[in-house]
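Chain by chain, the residues:
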Amino acid sequence: MDIAKSISRKLANDAVAAKVKYSRRLGEDELVSADQHDEEEDLDLGQWEIVDMTRPLEGDCEMQLLTFEDKEGKTVFWHSSAHILGASIEKVFGAYLCTGPPVNPGFFYDAYMGQNSVSQDNFEVLNKAA
């Protein structure tokens, strides 16, 4: 986020994610991933990965800032929005979440809610929960 702010306030406001490709990660020999198994190799350097705007950079890298105008920016925004929607329907309806992918255009969340259903009458309470 600091890099985006140093370029322009508008870019910092518009950026939804960053895309980074590391040429060298700092301390990579010292880092241990809880998800990594002994037989797995370390993350390949030189591969692009999409990260949150507040995530610190971990070494020397190329970076692209993604906005909603970028295809990948839309996907990140819709993915995050689906999570917010899912959390809101869990809170408001006690729903059991099934799937909530981003789609083009937009997002949805499929959930089991027993006899409950969502209508436009629920939008205000869901917005407040979000």
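Higher on the page you've got the structure.
Before going into details, it helps to say that this report is about the structure given with it. Every chain is numbered on its own, with residues counted from 1 as its sequence reads. Per-residue local features are limited, in this predicted model, to residues with pLDDT of at least 70; the limit for side-chain atom pairs, both in listing and counting, is 80 or more; totals at the level of whole chains, interfaces and linings are taken over all residues. The side-chain numbers reported here are obtained from all heavy atoms of the structure, hydrogens and water having been left aside.

Some points on the sheet that holds strand β2 (residues 48-51)
Applicable threshold: Here a strand pair is declared whenever DSSP counts at least two bridges between the two strands. The numbering of helices and of strands both runs from the N terminus, where a helix is a DSSP run of H or I of at least 4 residues and a strand a run of E of at least 2. Axis lines are fitted to C-alpha atoms, over the contacting stretch for helices. Their N-to-C directions set the angle, which ranges from 0 to 180 degrees.
Pairing is antiparallel across the open sheet formed by three strands, whose spatial order is β2-β1-β3. Strands with a single pairing partner mark the edges of an open sheet, and in this sheet they are β2 and β3 (59-67). Within this sheet the neighbouring strands show an average axis-to-axis angle of 30°, counted without direction. In this sheet, β2 lies alongside strand β1 (residues 15-25) in antiparallel orientation, the contact comprising four bridges. When the bridges of β2 are listed, Lys19 appears paired with Ile50.

A look at the environment of Met63
Basically, it comes down to this: Here's how the labels work: a residue is buried when its accessible area is under 20% of the maximum for its type, exposed when over 50%, partly exposed in between, all with a 1.4 Å probe on protein chains only. Should any heavy atoms of two residues lie within 4.5 Å, those residues are counted as being in contact.
By the secondary structure assignment, Met63 is in strand β3. Accessibility expressed as a relative area gives 30% for Met63, which makes it partly exposed. A C-alpha to C-alpha distance of 9.9 Å links Met63 and Ile3, two positions 60 residues apart in sequence. Setting aside anything within four residues of it in sequence, one finds Met63 in contact with Ile3, Ala18, Lys19, Val20, Trp48 and Leu57.

Things to note about empty space enclosed by the protein
Our working definition: The way it works is a 1 Å grid over only the protein atoms, where trapped points that fit a 1.4 Å probe form a cavity and open points with protein on both sides within 12 Å along at least five of seven lines form a pocket, and then any residue with an atom within 4 Å of a point lines it. Grid points are joined across faces, edges and corners, and a volume is the space filled by probe spheres set on the points. Only Asp, Glu, Lys and Arg are considered charged in this grouping, and only Ala, Val, Leu, Ile, Met, Phe, Trp, Tyr, Cys and Pro are considered nonpolar; every other residue, Gly among them, is considered polar.
Per the counting criterion, the structure on display carries one cavity of 30 Å³ or more. If you add up the space inside the largest cavity, you get close to 40 Å³. Every residue along the wall of the largest cavity is listed here: Val20, Tyr22, Arg25, Glu49, Val51, Arg55, Pro56, Leu57 and Glu58. Looking at the lining of the largest cavity, the element that brings in the most residues is β1, giving three residues. Considered class by class, the residues forming the lining of the largest cavity number five nonpolar, no polar and four charged.

A short note on the pattern of salt bridges
Spelled out, the test is: Salt bridge, as applied in this entry: a Lys or Arg side-chain nitrogen positioned within 4 Å of an Asp or Glu carboxyl oxygen.
For the structure on display, the rule yields eight salt bridges. For the salt bridge of Glu62 with Lys21, the shortest nitrogen-to-oxygen distance reads 3.8 Å. Placement of Glu62 in strand β3 and of Lys21 in strand β1 is noted, with a sequence separation of 41 residues between them. Its relative accessible area of 22% is what places Lys21 among the partly exposed residues. Sharing partners across several salt bridges, the network here consists of Arg25, Glu49, Arg55 and Glu58.

Thoughts on helix α3 (residues 71-93)
Heads up, the condition is: By this rule, a helix spans an expected 1.5 Å times one less than how many residues it contains.
With 23 residues, α3 should reach 33 Å at 1.5 Å per residue; the first-to-last C-alpha distance of 32 Å fits that figure. On its buried side, α3 packs onto β1, β2, β3, β4 (96-99), β5 (110-112) and α4 (123-129). At the exit of α3 stands Gly94, carrying a positive phi of roughly 70°.

Concerning the side chain of Asn122
Mapped onto the elements, Asn122 comes out in the loop between β5 and α4. A relative accessible area of 17% places Asn122 in the buried class. When sequence neighbours within four positions are dropped, the list of residues in contact with Asn122 reads Phe93 and Ser117.

Some points on unusual backbone geometry
In this model, Asn104 is joined to Pro105 through a cis peptide bond whose omega is 0°. Its location among the elements puts Pro105 in the loop between β4 and β5.

Take it as geometry only, folks, not as evidence of what the structure does.
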